[in-house]
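Chain by chain, the residues run as shown.
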Amino acid sequence: MLKIYLGNMEKAIYHPPTYFDNQYEDEWITKELSIRMIKEVDKSDVINSSLIQSPVLGTISVKELSGSVKTLMLMAFDQSGKVFNASVCGDDCAKWILSIGKSKDLTINLRHIMDFGEEDFEIEEDAVALDGVVVSANRNEITRRLAPTLVNVVDMKMFETTNSTTLAQGLSFQPGVRVESNCQNCGFQQVRINGLDGPYTQILLDSRPIFSALSGVYGIEQIPASMIERVEVVRGGGSALFGSSAIAGTVNIITKEPIRNSGSFSHTISNFDGSGSFDNNTTLNLSLVSSDSKMGAYVYGQSRHRSAWDSNGDGFSELPKLKNQTVGLNAYYRTSAYSKLSLEYHHMEEFRRGGSGFSLPPHIAEDAGLNGTGAPGLVEQLKHSINTGGLKFTAFSKNQKHTFSTYASAQHIVRNSYYSAYGMTTDFTGVLGAQYIYHFDKCLFMPADLTGGIEFNHDNLHDKATDVQKYRDAALAEDPTATGDRLQQLIEKYTPAPLNQVVNIASVYAQNEWKNEQWSFLIGGRVDKNSIMDKAVFSPRANIRYNPTQDVNIRFSYAEGFRAPQAFDEDLHISNVGGELVSIVRAKGLKEE
């Protein structure tokens, strides 16, 4: 059976001809299939296992054969289980690929649309995508069928079919995951897995933990569907792979990469229950790839405008007003046949407001004496400016036994908020890391992959109250005659102290997975040292997979997750800027959950 993975596949052999030159066996050349392929594709004849007779070049060596023939021979005779990039072949290879796929189970990677001719052949869609590639199970590309833990995938098709414009909307259709709206005024949503609150689920962007305590508040509604290739969901403890907060589960957002030259434009409009409230969403996507697939860029943009929705006409919104603009870039450059540099960046501006009195400034809309209704109003308003980016370098050895990657990701957020008082929060999150994988042909009793890595995570959050007028009014309410230094002292008394939270986490992890088509045994662990805590946290994992048949998977898993303590919390922020005189001090000897 022939299986085709369309798009960039990091684990696939990008340039099979170079791999062939280092790995081919002499006996391949004189096989009947090779003789026929060389005759038809290269118009040449096989003299012996070392020499080829070309009508143009005369007598040549095997290494001077075309890249198409070399790739076809690898597909036919290589027994390593490697997946080869078939895009180095021309369309004249198509019939040979189909022929090889009839005689053996063959998986290839295509990065362009190949013309398979007019001859009939049967195509069967993989409805449950068991052969789709995932990375969240073991920090390495593997098919879902062979993954040591169960990975559920929300793909682009699901987002398109359900008309989902954000991550939050798409996740709502994933079994075992509940997207819950917890505030009708500000629209705060959280992901619940295994019944636990949102902070107990680790959200990753391309496997990087850059969703901080701040960005996690509104983050799942701020990720546009136009930048998502797929979302991988793993339920259960995942701290052995991805560190703190992976108690209930892990949600890994894999961003789109360019596949071929293409572009798209769309606009959707939705109405709420026949009311005058509409949700307008406009997207523009452009994918550019060089002719040799050595470099490419995927550029996307999304603009969303949703008017507030008041379901029962009481003057208070059930869904907040929302304006959101996102632009981003995902690009790659292959520095060689065995290395790749990837870049991801996106910028987002968002305004959201819920409650009442939308035509008035927030502090006036809440004041019964100024809003024109004679009754107190309610307003929650936020403005976000977010910059997120990442750089990754990956290199393979020629024999594909060694894989090394290093990466850096960062996110900067500026948020101006109003929760009965004005406040401002800034947050910078940065991640640096390196990972190494060694592929054993046999480790003790079967093939294995040894994975190890280090990671450093830095988060710097600053939260302060900025509603000077509110605290001045409170000061004058205590002493109407206060002026000068006395007034300033009272203002300082009612002004909440700013919160500064700096957290550094140093991590090291290692795991070994013995695997073949039928069995998989994995043991591993991770150590995280959080600067807030006195002691490091060790998170172990162990997995067994057994496939009695190709379509039946039985898995046994043990994993632990933890959540590190932190000072910033959204409810605490609301109380703080609202004027409650709260002193925030981290207790000594804090332990993880």
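**Observations regarding the nonpolar core**
Judged by nonpolar contacts, the single largest core of 36 residues is most densely connected at Leu72, Met73, Met75 and Ile97. Elements that contribute at least two residues to this core include exactly helix H1 (16–23), helix H2 (26–29), helix H3 (32–41), helix H4 (67–77), helix H5 (94–103) and strand S6 (106–110). At seven residues, H4 tops the list of elements feeding residues into this core. Setting aside residues no more than four positions away along its own chain, Met75 makes contact with Phe84, Ala86, Ile97, Ile100, Lys104, Leu106 and Ile108. By size, the runner-up hydrophobic cluster in this structure holds 29 residues, among which are Val179, Val191, Ile210 and Val231.

**Brief notes about the packing of H3 against H5**
Running from N to C, H3 and H5 cross one another at 165°; their axes reach a closest spacing of 11 Å. For the element pair H3 / H5, the angle class is roughly antiparallel. Here the hand of the crossing between H3 and H5 comes out right-handed. Residues Leu33, Arg36, Met37, Glu40 and Val41 of H3 form the contact with H5, whose participating residues are Lys95, Trp96 and Ile100. Grouping the amino acids of the contact of H3 with H5 by side-chain chemistry returns five nonpolar, no polar and three charged.

**Brief notes about the pattern of salt bridges**
Side-chain pairs of opposite charge can arise whenever the charged atoms involved come near each other. Taken as a whole and assessed by the stated rule, the structure comprises 20 salt bridges. Residue Arg304 is joined to Asp279 by a salt bridge in which the shortest nitrogen-to-oxygen separation is 2.8 Å. Here Asp279 lies in strand S16 (residues 278–289) and Arg304 lies in strand S17 (residues 295–306), a separation of 25 residues in the sequence. Arg304 gets classed as buried once you look at its relative accessible area, which sits at 3%. The exposure class of Asp279 is buried, given its relative accessible area of 9%. Note that Glu350 is salt-bridged to Arg352, the shortest N-O span being 3.0 Å. The pair Glu350 / Arg352 is uniform in exposure class, with both members buried.

**A word on the side chain of Arg353**
Its location among the elements puts Arg353 in strand S19 (residues 339–355). Despite its burial, Arg353 remains without a salt bridge, the nearest opposite charge being carried by Glu366 at 8.4 Å. Here the side chain of Arg353 touches Leu360 through a polar contact of 2.8 Å, landing on its backbone oxygen. Side-chain polar atoms of Arg353 contact the side chain of Gln381, separated by 3.4 Å. In this view, Arg353 contacts Asn185, Pro320, Lys321, Phe358, Leu360, Pro361, Pro362, Ala365, Val379, Glu380 and Gln381; residues no more than four positions away in its chain are not counted.

**Thoughts on the state of the cysteines**
Summed over the entire model, instances satisfying the criterion amount to zero disulfides. Take Cys89: it sits in no disulfide, and the sulfur closest to it among the cysteines is that of Cys93, at 3.4 Å. For Cys89, a relative accessible area of 5% corresponds to the buried category.

**What to know about helix H8 (residues 215–222)**
Most of H8 sits inside the fold, with seven of its eight residues counted as buried. Looking only at H8, the buried set comprises Ser215, Val217, Tyr218, Gly219, Ile220, Glu221 and Gln222.

**Here's the deal with the pairing of strand S9 (residues 152–155)**
Burial of the side chains of S9 is restricted to one face: Asn152 and Val154 are buried, whereas none of Val153 and Asp155 on the reverse face is. Direction of pairing for S9 relative to strand S13 (residues 228–235): antiparallel, over a ladder of four bridges. Residue pairing for S13: Val153 is matched across the bridge by Glu232.

**Here's the deal with the pairing of strand S18 (residues 321–336)**
Two strands pair when backbone bridges link them, and S17 and S18 are joined in this way by twelve bridges, in the antiparallel orientation. Residue Gly301 lies in a different strand from S18, and its bridge partner there is Val327. Two elements, S18 and S19, share 14 bridges in a ladder whose sense is antiparallel. Note that in S19 the partner of Asn324 across the bridge is Glu350.

**Looking at the packing of H1 against H4**
H4 packs onto H1 with a crossing angle of 65° between their chain directions and a minimal axis gap of 8 Å. Crossing of H1 over H4 shows left-handed handedness. Residues Pro16, Pro17, Tyr19, Phe20 and Asp21 of H1 form the contact with H4, whose own contacting residues are Gly67, Lys70, Thr71, Met73 and Leu74. Of the residues contributing to the contact of H1 with H4, the split by class is six nonpolar, two polar and two charged.

**Description of unusual backbone geometry**
Even without a glycine there, the phi angle at Ser293 is positive, about 60°. With respect to the helices and strands, Ser293 occurs in the loop between S16 and S17. With a phi angle near 70°, Leu444 is a residue other than glycine that sits in the positive phi range. Mapped onto the elements, Leu444 comes out in the loop between strand S22 (422–443) and strand S23 (446–465).

**Structural notes on the packing of aromatic side chains**
Inspection of the entire model under this criterion finds 13 aromatic pairs. What links up through ring pairs into an aromatic cluster is the set Phe445, Trp514, Trp519, Phe521 and Tyr546. Stacked on the ring of Tyr407, the Lys or Arg Arg208 has its end atom at 3.6 Å from the ring centre. Here the basic side chain of Lys340 rests over the ring of Tyr332, its NZ or CZ set 5.2 Å away from the ring centre.

Calculation criteria
As a convention, each chain's residues are numbered from 1 in the sequence order in which they are written. Reporting in this predicted model follows two pLDDT cut-offs: at least 70 for local features of residues, and 80 or more for side-chain atom pairs to be given and counted; totals over whole chains, interfaces and linings ignore these cut-offs and use all residues. Side-chain numbers here rest on the full set of heavy atoms in the structure, without hydrogens or water. Among the buried residues, those of types Ala, Val, Leu, Ile, Met, Phe, Trp, Tyr and Cys that are joined through side-chain atoms within 4.5 Å form a nonpolar core. Here the term buried applies to any residue with accessible area under 20% of the maximum for its type, exposed to any over 50%, and partly exposed to those in between, with areas from a 1.4 Å probe on protein chains only. To qualify as a helix, a DSSP run of H or I must reach at least 4 residues; to qualify as a strand, a run of E must reach at least 2; elements of each kind are numbered from the N terminus. Two residues form a contact once any of their heavy atoms are found within 4.5 Å. Axes, fitted as lines to C-alpha atoms, cover a helix only where it is in contact. Angles between the N-to-C directions of the axes lie from 0 to 180 degrees. Any angle from 65 to 115 degrees is called roughly perpendicular, while one under 35 is roughly parallel, one over 145 is roughly antiparallel, and all others are oblique. Each crossing gets its hand from how the near helix is turned against the far one by less than a right angle, where anticlockwise is left-handed and clockwise is right-handed. Side-chain classes are defined by residue name, with Ala, Val, Leu, Ile, Met, Phe, Trp, Tyr, Cys and Pro counting as nonpolar, Asp, Glu, Lys and Arg as charged, and the others, Gly among them, as polar. By convention in these notes, a salt bridge is any Lys or Arg side-chain nitrogen within 4 Å of a carboxyl oxygen on Asp or Glu. We treat Lys and Arg as the positive residues and Asp and Glu as the negative residues; His and chain ends play no part in the count. Contacts described as polar in this section are N or O atom pairs within 3.5 Å, which, within protein, must combine one atom able to donate a hydrogen with one able to accept it, while residues neighboring in sequence count only if both atoms come from side chains. Any pair of cysteine sulfurs within 2.5 Å is marked as a disulfide. Any two strands are treated as partners once DSSP identifies two or more bridges connecting them. Stacked, tilted and edge-to-face are the three classes assigned to paired rings of Phe, Tyr and Trp, where Trp is represented by its six-membered ring and a pair needs centres within 6.5 Å; plane angles under 30 degrees give stacked, over 60 edge-to-face, the rest tilted. Cation placement over rings: the criterion is NZ of Lys or CZ of Arg within 6 Å of the ring centroid and within 35° of the ring normal.

Note that all results are geometric; they support no functional claim without further evidence.
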